[in-house]
Structure formats: structure tokens, C-alpha cells
Amino acid sequence: MPQYLILIYDDEAVREGARPEEFDGLLKAHEEFVAANAAVIRGGQALRGADTATSIRSDSSGGFAVTDGAFAETKEVLAGYYLIEVAHLDEALAVAKQVPAPFGGVEVRPIRVFE
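Worth saying up front: this structure is predicted, and the values here are computed from it rather than measured. (Residues numbered from 1 in each chain as written. Predicted model: local features only at pLDDT ≥ 70, side-chain atom pairs only at ≥ 80, totals over all residues. Heavy atoms only, no water.)

Trainee: Got a sec to walk through the pattern of salt bridges? Specific residues and values, please.
Mentor: A side chain of one charge can pair with a side chain of the opposite charge if their charged atoms are brought near each other. Under the definition given, this model contains 7 salt bridges. Across the pair E21 and R19 runs a salt bridge, and its minimum N-O distance is 2.7 Å. Using a relative accessible area of 46% as the deciding quantity, one classes R19 as partly exposed. Ionic pairing is found between R109 and E107, a salt bridge with its closest N-O pair at 3.3 Å. We classify R109 as partly exposed; its relative accessible area is 46%. One connected set of salt bridges, linked through shared partners, spans D10, E12 and R15. (Salt bridge = Lys/Arg side-chain N within 4 Å of Asp/Glu carboxyl O. Buried < 20%, exposed > 50% of the residue type's maximum accessible area, 1.4 Å probe, protein only.)

Here you go:
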């Protein structure tokens, strides 16, 4: 059965400005989402902020450039993910629409299988 990654993006500045009860409500909403979709969820985690990221890119000399921070500066950053296993994209989209993402949105990507 196909697997899909649901990528959760949010605006860290907006999330940081959330009231404690809003954040607590968001955590509860994710717990409810996981409970309601446990049959198809294969994994998932929240990520630390983009300021904790380290980016690695190959450079022209055959080495690597290592820099602090996310690779691209954007308003919304990757905040977490869920790995799901469903029969087809329409099911993946139906699950993704349930993901709590009040500070941004989600993206659904199929997992590529190499044989």
C-alpha cells in the first residue's frame, strides 16, 4: 500500500506569539488527530525550530558547506510530519485535511519506492 508524508508547515513567529492555551489546544488537537487516524499513521514527530537547523550543501571544490539555520529563509518552515499508509492520494488528502495546522498548512508527498 502506498505511503505518503504529510509535511506540516507553520509561521514560527505566529506560533511563538500564541497564548499558552492556544498551544495547549493545538497539542490536544494533534492527540485527537492521531487517535482518530491511528489505523493509517506509521510515524510522525514535531520538529524543533528552524533556528536549530544545520544545512549541508556540497560546494564547488568537492567539499561541503555547513551553515547554521534552514537552507531557505521563508515565512513558513517545516514544523513536523506524519507518515501515513493509505490506498491512494484521495485518502491521503482526506487524512491531511484533518491535521491541525493553525499557524500554516500542510503538504502531501508520496513516498518514492526504489526497486
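Trainee: Give me helix α2 (residues 20-36): which residues, what numbers.
Mentor: For α2, which comprises 17 residues, the first-to-last C-alpha distance of 24 Å matches the rise-based estimate of 24 Å (1.5 Å per residue) to within 8%. Elements that come into contact with the buried residues of α2 comprise β1 (3-11), β2 (41-46), β5 (76-85) and α3 (89-96). (Helix = DSSP H or I, 4+ residues; strand = E, 2+ residues; numbered from the N terminus. Expected span 1.5 Å × (residues − 1). Contact = heavy atoms within 4.5 Å.)

Trainee: Quick one: what's the story with the confidence of the model for the protein, residue by residue and with numbers?
Mentor: Any residue range with low pLDDT should be treated as having predicted coordinates unsuitable for detailed reading. On average, residues of the protein score 92 in pLDDT, and 97% of them are at 70 or above. Least confident of the elements in the protein is helix α1 (residues 12-16), whose mean pLDDT is 87; most confident is α3, at 98. (pLDDT = per-residue confidence, 0-100.)

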